[in-house]
Amino acid sequence: MLQTRLGKQVGPPMLFGWATQKGNGANPVRLGGSVPQPPSPSPPPTARGDRIAAIMGSSPRRGGVAQTRLGKQVGPPGRQGKEAQRWRGLFPNRELVGPRRRRTWACFSAEPCSLIMPTLITARDLTKSYPSNSLFDGVSIHIEDGERIGLIGPNGGGKTTLMKILAGDLEADRGEIIRKRSLCVAYVEQDDRFPDDATPLSVVVAGLGDDSETDLGATTRATITLSKLGFSDLLRSVTTLSGGWRKRLALACALAQEPEVLMLDEPTNHLDLEGVLWLEGFVRQASMAMIFVTHDRRFLENTATRIIELSAAYPGGAFEAAGNYTEFVRRKDAFLDAQRAAQSSIANKVRRDTAWLRQGIQGRQTRNKTQVDAAANRRDELKETTDRNKAPARTTMIAFQATERKTKKLLVLHGVSKSMGDKRLFESLDLTLTPGQRIGLLGVNGSGKTTLMRLMSGDLLPDSGTIKRADDLRVVTFSQHRASLVQSQTLRDALCPTGDTVDYRGTSVHVTGWAGRFLFDVDQLPMRVGDLSGGEQARVLIANLMLLPAEVLLLDEPTNDLDIPSLEVLEQALLEFPGAIVLVTHDRFLLERIATEYMALDDRGGAKWFATIEQWNSSRKKAEPEASEKPKPSASAPKKRNQPKPGKLTFKLQLEYDGMEEAILEAEAQVERLEAEAADPALTADHERAATVYSKLSEGHTRVTELYARWAELEAIQSKR
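The following refers to the structure shown. Owing to the predicted nature of the structure, the values given are computational and were not obtained by experimental measurement. (Residues numbered from 1 in each chain as written. Predicted model: local features only at pLDDT ≥ 70, side-chain atom pairs only at ≥ 80, totals over all residues. Heavy atoms only, no water.)

**Concerning the sheet that holds strand 6 (residues 133–144)**
Here we have 3 strands laid out as an open sheet, ordered 6-5-8, and antiparallel in their pairing. Lying at the two open borders of the sheet, with one neighbouring strand each, are strand 6 and strand 8 (174–179). Along the sheet, successive strands turn relative to each other by an average axial angle of 10°, direction set aside. One ladder, built from 9 bridges, connects strand 5 (residues 119–130) with strand 6; its direction is antiparallel. Bridged to Tyr-130 within strand 6 is Asn-133. Lying over the sheet, helix 2 (residues 159–167) contacts strand 5, strand 6 and strand 8, oriented at roughly 130° with respect to strand 5. (Pairing = 2+ DSSP bridges. Helix = DSSP H or I, 4+ residues; strand = E, 2+ residues; numbered from the N terminus. Axes fitted to C-alpha atoms, helices over the stretch in contact; angles between N-to-C directions. Contact = heavy atoms within 4.5 Å.)

**Focus: the packing of aromatic side chains**
Scanning the model with the defined rule gives 10 aromatic pairs in all. Here the aromatic rings of Phe-292 and Phe-299 are separated by 5.5 Å at their centres, their planes lie at 80°, and the arrangement is edge-to-face. The same class applies to Phe-292 and to Phe-299, which are both buried. Plain terms: the ring middles of Tyr-504 and Trp-514 are 5.2 Å apart, the flat faces sit at 50° to each other, and that makes the pair tilted. (Phe/Tyr/Trp six-rings, centres within 6.5 Å; stacked < 30°, edge-to-face > 60°. Buried < 20%, exposed > 50% of the residue type's maximum accessible area, 1.4 Å probe, protein only.)

**Quick word on the pattern of salt bridges**
Oppositely charged side chains can form a pair if their charged atoms are brought close together. A complete count under the given rule lists 24 salt bridges for this structure. For Arg-298, the salt bridge goes to Glu-592, with nearest N and O atoms at 2.6 Å. Placement of Arg-298 in helix 7 (residues 297–303) and of Glu-592 in helix 16 (residues 588–594) is noted, with a sequence separation of 294 residues between them. For Arg-298, a relative accessible area of 23% gives the class partly exposed. Looking at Glu-592, the relative accessible area reads 30%, which means it is partly exposed. For Asp-603, the salt bridge goes to Lys-423, with nearest N and O atoms at 2.8 Å. One end of the pair, Asp-603, is in the loop between strand 23 (597–601) and strand 24 (607–610); the other, Lys-423, is in strand 15 (residues 423–433), with 180 residues separating them in the sequence. Among the residues examined, Lys-423 registers a relative accessible area of 18% and is labelled buried. Each of the salt bridges in this network shares a partner with another, and the network as a whole consists of Arg-297, Glu-571, Asp-587 and Arg-593. (Salt bridge = Lys/Arg side-chain N within 4 Å of Asp/Glu carboxyl O.)

**A word on the environment of Ala-252**
Relative to the assigned elements, Ala-252 resides in helix 5 (residues 243–255). Exposure remark for Ala-252: the relative accessible area of 0% places this residue in the buried category. With 45 residues separating them along the chain, Ala-252 and Gly-207 place their C-alpha atoms 9.4 Å apart. Filtering out sequence-adjacent residues up to four positions away, Ala-252 remains in contact with Val-204, Thr-225, Leu-226 and Leu-229.

**Describing the pairing of strand 12 (residues 306–310)**
Within a regular beta strand, the side chains point alternately toward one face of the sheet and then the other, so they alternate between its two faces. The buried count for strand 12 comes to 5 of 5 residues, which makes it a mostly enclosed element. By the alternation rule, side chains of strand 12 split into Arg-306, Ile-308 and Leu-310 and Ile-307 and Glu-309, which are all buried. In this structure, strand 7 (residues 148–152) lies alongside strand 12, joined through 4 bridges in parallel fashion. The residue bridging Ile-149 from the neighbouring strand is Arg-306, located in strand 12. Both strand 12 and strand 13 (residues 318–322) contribute to a ladder of 5 bridges, which runs antiparallel. Directly across from Leu-310, in strand 13, lies its bridge partner Ala-318.

**Digging into the packing of helix 5 against helix 6 (residues 273–285)**
Between two packed helices, what matters for the description is the angle formed by their axes and the separation of those axes. Close contact between helix 5 and helix 6 brings their axes to 12 Å; oriented N to C, the two are set at 20°. By the angle between their axes, helix 5 is roughly parallel relative to helix 6. For helix 5 against helix 6, the interelement crossing comes out right-handed. Two secondary-structure elements touch here, helix 5 through Arg-248, Leu-251 and Leu-255 and helix 6 through Trp-278, Leu-279 and Phe-282. Of the residues contributing to the contact of helix 5 with helix 6, the split by class is 5 nonpolar, no polar and 1 charged. (Parallel < 35°, antiparallel > 145°, perpendicular 65-115°, else oblique. Left-handed = near helix turned anticlockwise from the far one by under 90°. Nonpolar A, V, L, I, M, F, W, Y, C, P; charged D, E, K, R; others polar.)

**Some remarks on the sheet that holds strand 14 (residues 411–420)**
With respect to topology, 3 strands assemble into an open sheet ordered 15-14-17, the strand pairing being antiparallel. Of all the strands in the sheet, just strand 15 and strand 17 (464–469) have a single pairing partner and so form its edges. Across the sheet, the axes of successive neighbouring strands diverge by a mean angle of 25°, strand direction being ignored. Relative to strand 15, strand 14 is paired through 7 bridges, and the arrangement is antiparallel.

**Quick notes on unusual backbone geometry**
At Asp-472, a residue that is not glycine, the phi angle is positive and equals roughly 55°. Along the chain, Asp-472 turns up in the loop between strand 17 and strand 18 (475–478). Overall, Asp-472 belongs to the exposed group, its relative accessible area being 68%.

**Description of the pairing of strand 20 (residues 507–510)**
Sheet topology note: the strand 19 (residues 501–504)/strand 20 ladder contains 4 bridges and is antiparallel. Counted as the bridge partner of Val-502 is Val-509 from strand 20. Linking strand 19 to strand 20, which pair antiparallel, is a turn of 2 residues; within it Arg-505 sits at a positive phi near 55°.

**Comments concerning the environment of Phe-328**
Looking at where Phe-328 falls in the secondary structure, it is placed in helix 8 (residues 325–357). Look at Phe-328 and you get buried, because its relative accessible area is 1%. As a C-alpha pair, Phe-328 and Glu-301 span 27 residues in sequence and 9.4 Å in three-dimensional space.

**Focus on helix 14 (residues 534–546)**
Between its first and last C-alpha, helix 14 extends 19 Å over 13 residues, near the 18 Å set by a 1.5 Å rise per residue. Counting buried residues in helix 14 gives 11 out of 13 residues, a clear majority hidden from the surface. Gly-535, Glu-536, Gln-537, Ala-538, Arg-539, Val-540, Leu-541, Ile-542, Ala-543, Leu-545 and Met-546 are the residues of helix 14 that are buried. In the core, the buried residues of helix 14 are packed alongside strand 18, helix 12 (491–495), strand 19, helix 13 (511–517) and helix 15 (564–576). (Expected span 1.5 Å × (residues − 1).)

Below, the structure written as C-alpha cells:
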C-alpha cells in the first residue's frame, strides 16, 4: 500500500499506510489524499505487542458511520464498526475514528500514530559546546502530547542545557527546532528562588506577568492553581515553607501559565520522601506533556513513558526507549551488546582491508578508488564505535575505608530525647548500631533526622538519655550542606590539602590519579570548588571521606546531584562496607538496596521501626488526617514558643537563651540566601564577588554550628534547676 498525505507520497509502502476511497465529496477524518480502497479491511499482520493504531469506519454497503472512541461505539452500527470494537484490546488508550461518510480507511504503524499523539516539539541535529567543554553533538529529540519523558545522563552531559534549548531560553550552536504554533512551554529550574518578602499568591501572580489582561484575572488564576496544589494560606511568607511546599509553589508558577509542555530540572532534589511521593503522584496525573531531568530511578520507573539518555556512548549522542526505567535498562544493555559485537565485526573487516592494501603489485592493479574509500570509511567507523564502547566504562571509583574492629556494639542510644525550642523531635528513643547494620532514616523535613545523626556523631548532646560509643569509635559524616568544602579552594587543594599525594589504604596516590578516580580531568585541578557543579562537589566530598578510616558512616542525603552511574558505584561501595551505616536519602531505589531496616520519625516525637518502605508508606497514609493537608513550616521557620522556666541561668544568660532561637533562625536564613546566591551561574563571571560570597557562606555555616552548640550549652544549664 502506498503512503500518501494530502495526495503526496511520504514514505515507503506498508510502514505507515492509510487508505480511503474518495466519493460523493467524502473525506476521511484528519487525513487527506486518496489511494484505491481495498475490497475489505483486514487486521494488519503484526504482533499484538506492536504499537498499532487502527482507524476503521463502516461498510459502504451498510451505510451510515460507526465510530469508536477508546473502544466505545459512538455512532450508528455497522460491520466495520463492530470489527473496530473487537480491536480495542490491542490499543485501549488509542482513539478510533471512522470516516465522515460511507467509506473506510485504516492506519497501522509500528510507531505511535501521529493522529493520536501530535508532536509538540521536534529538534534535529542539535549541537552545543563551550570553549572548555563540548556538551552534545547531533542530538535529535521530539516531544509528543501527553507523554512523560525522563532525561538522564552523566553529570556535565548537557541535560539542563538541552532542556533550556527546547524551552527557548538558550540557542543551540547548530540544529533545527520546530515547535507547534503558539506552543506554551513552562520550565521549572532546579533551585527555587523567591523574594524573602513574597507570599505564594504574589509569587504566582508575578510569574504570570502580562499573560493576564487584568490584575483580577491574574489573581484568580493564581488562586485557583494554588488551591489545586493544596495551598490554604496564600498570604503567608514563603520563608516559612518547607522544601516540599516551595517545590509546589514553583510548580504552581508554571501551571498557572497553562503550559502544553512542562519541563522539570531535578524536581526531586532536596525533597523529603513524602515530597517525592506527592510529586510522583502529581506527574502521573498531569495531562500535559512533561520532560524531566532526574537521577531518581524509582521516580523514573513509576512515572516515565519514555526515557532518553544523553551520552557519548551512542550514535548521535542519545539513546531512547519507550517504557519505564526497567525497560530502558533492558533495551540499553541489548543495544550496547550489539554495538560491541559490531565493533568486533568491523575490526575483522578493517584487518582484511589492511591486508589487501598492503598487497604487492598484483594487488595494486586491481584496486579502485571506491574500494579504497570504503576501506577508509570502515576505519573511521571502527574508531567511532570503539570510542562509543569505551564511554560507559568511565565511572567514579568509590570505596570507603573500614577498620578491622570486631566490637559487637559500636553505638548505643538509650532513652534519648531531644527538642528544638518547643518542638519535641523524639523521645525515649533506643537504638543500637552493630557492624553490618544499615539503617534507613525516614520522616518529613524537620522531623529530626539530621539532629539524630548529629547526636550520633557527638556534635549535639541529648536532652535526656545516654549515648555510649565504643572506645576510639571512628565516625565519618556526609553532610547535605557540604559545609566542610571551602568554595574558594582550588580542586587540587580540596582533594589533596598537603603535598602532591594522598594516603589511601596505606598507599600513596598522586593527586592527578586521585582526581581521575572521581572523573576529574587534569585541567580541572586549578578550578575553584565554587565553580564546580553540584554533582562534582558531591564527588569531592566523597573523595575526602574515603581517606578517613571509619566504623560508622552517617550519610545525610549523599545522592543529591549524583548521576546514575555514580549512584550505582556508591551503592556497591556501601554494600561492601563492613561497618554500620545510617542513611538519610529520598532515593527509594538506593534505600531499598542498602537499608536492612528502617526507622521513621513521625514529626510528633515518636519513632517506629519498619521492615520495608511500603510498610512505612501504608502506616503514614493511615495516620494522615482526613482534612486536607496544610503547608508545614520548615525546621528553620520561626515559631512561637513558651518561655523557658527560670532555672540557674543568670539574668544575662536568660536573655541570651530567650533570643537564641531567633538568632539561629536568622543565621540559617542568611545561609540559605548565600547558598542561593552561590548557586547563581552568573556568579562565576565575577571572581571578586564570588570570593566574597563563598567566604560569607563558610562563615555563616560556622556561625550556625556555634549557635547550636551554645544553645545546647544553655539548655544544659537551664535544665539543672
